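Summary of structural features
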Amino acid sequence: SLALLGGPKAVRDDPGDLFTWPIVTTEHEEAVLEVLRRGAMSGNDVTREFKREYAAWQGSAYALGCSTGTAALHEAMFGCKVGVGDEIICPSVTYWASALPSFSLGATVVFADIDPETLCIDPADIEHRITPRTKAIVVVHYVGHPADMDAIMAIARRHDVKVIEDVSHAHGARYKGRQVGTFGDVAAASLMSGKSLAIGEAGVLTTDDREIYERAIAFGHYEQFGDDVETPDLRPYAHLPLGGYKHRMHQLSSAMGRVQLRHYDDQIAEIQEAMNYFWDLIEEAPGIRPHRPRKGLGSTMGGWYSAHGHYRPEELGGLSVTRFAEAVRAEGAPCRPGLNAPLHLHPLFNTADVYGDGRPTRVAHADRDVRQPKGSLPVSERIGTLTYSVPWFKHVRREQIDQYAKAFRKVAEHAEDLLPDDAGNPPQLGSWGMTKRS
């Protein structure tokens, strides 16, 4: 009997630290306290070491420590010379920071649909959206799944547009054996405390392109923008930030980050084992499918940030994902329906005049109306009804994971008992803000 209908819960044990993240040890505390005690929070010495170590770990020539992932994305766009009247192409199902920094650069965003399996930007929906004004494609490795980088890079090179990888959900993930963040022209990532590589309120930019790196420095890192700049167009403006921003990483975060990097590969190896064990237990249950790369491709989910699954209501008598998730929660397992709500439907991208231009900011500097009404991105608009969150396990504790897997299987196998009281899904599933942690 399902717990929602009066039966016993599938999850019996207290999870303890099964979901605790980040894992903070004495080593982390000592590194942070060293910075605090010498008053070096706003310095740059620790951050220089962190960015050097991060670049080596990522496999990139340059890294830049930023105040947030949003700041890193802002700098990445400026580094790619996104400016007034330009366009970027971005998936609609993502956190707003993947797209919104374009507004303050005088540019606009054209949203593309997502692939229903990877949940990342669909390469088949990119090329026809490229115009002479397109400067960059923003690729989000969404909730940890690597995007189809071979297809995306082929399109970008064919049209001579830049590729910005948003790695905020996928630190350490691999696409065909190669770490994400190393395919495009530049990558940016959030490192805030909810992410899989969690160091505080911080971000990082990585690239192999010296000019992009120097433009990012010039935009918001005046203390690093000196006379040694190699890009000729930047030299006359050294010592002051071109964007008028200060995006310096706080050194309590970079101190935390240096320790995190020493242990992160081992941690994500354990997370990978735990999450794959969970999915292996339930992937044959009706109506629920894992969201992970196919085996044998050399692709991985990294730290599995905000892990989700695919929902097939037709296999469960049409049961709504909302009712399904409610029943799983009653069994004692975290589960929520939906993903990020599609950005192209939010009023900010349709009617808001943010900077007083006298017309909506989305089209203030555009030569055409790029707004996309309801019905224009069908996969993005319905994907909330076809996805749900799953627990984000940090340790391989099979007896405990078995209980959480039982919760999902139990509900899937008794879906018919939930149909009589199923009120269906609300008009919109998902959040405009962050994906939530389990």
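It should be noted that the structure appears before, not after, this text.
An account of the accompanying structure is given in this report. Worth saying up front: this structure is predicted, and the values here are computed from it rather than measured.

1. Re the nonpolar core
Soluble globular proteins tend to pack their nonpolar side chains together in the buried interior. By size, the foremost hydrophobic cluster in this structure holds 91 residues, and its most contacted members are Met149 and Ile164. The residues touching methionine 149, leaving out its near neighbours within four places in the chain, are Val139, His141, Val163, Glu165, Tyr175 and Phe183. If you look at the next biggest cluster of nonpolar residues, it comprises 43 residues, including Trp21, Cys335, Ala405 and Ala407.

2. Examining the pairing of strand S5 (residues 162-166)
S5 sits mainly inside the fold: four of its five residues count as buried. The pairing of strand S4 (residues 134-140) with S5 spans five bridges and is parallel. Residue pairing in the sheet places valine 139 in a bridge with glutamate 165 of S5. One crossover worth recording links S4 to the parallel S5 by way of helix H5 (residues 149-159), and it is right-handed.

3. Things to note about the packing of helix H2 (residues 45-58) against helix H7 (residues 251-282)
Where H2 contacts H7, the two axes come as close as 8 Å, and the packing angle between them is 30°. The pairing of H2 with H7 is recorded here as roughly parallel in orientation. In this structure, H2 meets H7 at a crossing whose hand is left-handed. Together, Asp45, Val46, Thr47, Glu49, Phe50, Glu53, Tyr54 and Trp57 of H2 and Gln251, Ser254, Ala255, Gly257, Arg258, Leu261, Tyr264 and Asp265 of H7 make up the contact between the two elements. Broken down by class, the residue content of the contact of H2 with H7 amounts to seven nonpolar, four polar and five charged.

4. What about the packing of aromatic side chains?
On inspection of all chains with the given rule, the structure shows 23 aromatic pairs. Both rings, one in phenylalanine 278 and one in tryptophan 279, keep their centres 5.4 Å apart while their planes meet at 70°; by these two values the pair is edge-to-face. Side by side, phenylalanine 278 and tryptophan 279 carry an identical accessibility label, which is buried. What links up through ring pairs into an aromatic cluster is the set Phe19, Phe278, Trp279, Tyr311, Phe324, Tyr388, Phe393, Tyr404 and Phe408. The lysine or arginine in question, arginine 215, covers the ring of phenylalanine 78, its NZ or CZ lying 4.2 Å from the ring centre. A cation sits over an aromatic face here: lysine 394 above tryptophan 392, 3.8 Å from the ring centre.

Procedures and definitions
- Residues numbered from 1 in each chain as written.
- Predicted model: local features only at pLDDT ≥ 70, side-chain atom pairs only at ≥ 80, totals over all residues.
- Heavy atoms only, no water.
- Core = buried A, V, L, I, M, F, W, Y, C linked by side-chain atoms within 4.5 Å.
- Buried < 20%, exposed > 50% of the residue type's maximum accessible area, 1.4 Å probe, protein only.
- Contact = heavy atoms within 4.5 Å.
- Helix = DSSP H or I, 4+ residues; strand = E, 2+ residues; numbered from the N terminus.
- Pairing = 2+ DSSP bridges.
- Right-handed = clockwise from strand over helix to strand, strands pointing away.
- Axes fitted to C-alpha atoms, helices over the stretch in contact; angles between N-to-C directions.
- Parallel < 35°, antiparallel > 145°, perpendicular 65-115°, else oblique.
- Left-handed = near helix turned anticlockwise from the far one by under 90°.
- Nonpolar A, V, L, I, M, F, W, Y, C, P; charged D, E, K, R; others polar.
- Phe/Tyr/Trp six-rings, centres within 6.5 Å; stacked < 30°, edge-to-face > 60°.
- Lys NZ or Arg CZ within 6 Å of the ring centre and 35° of its normal.

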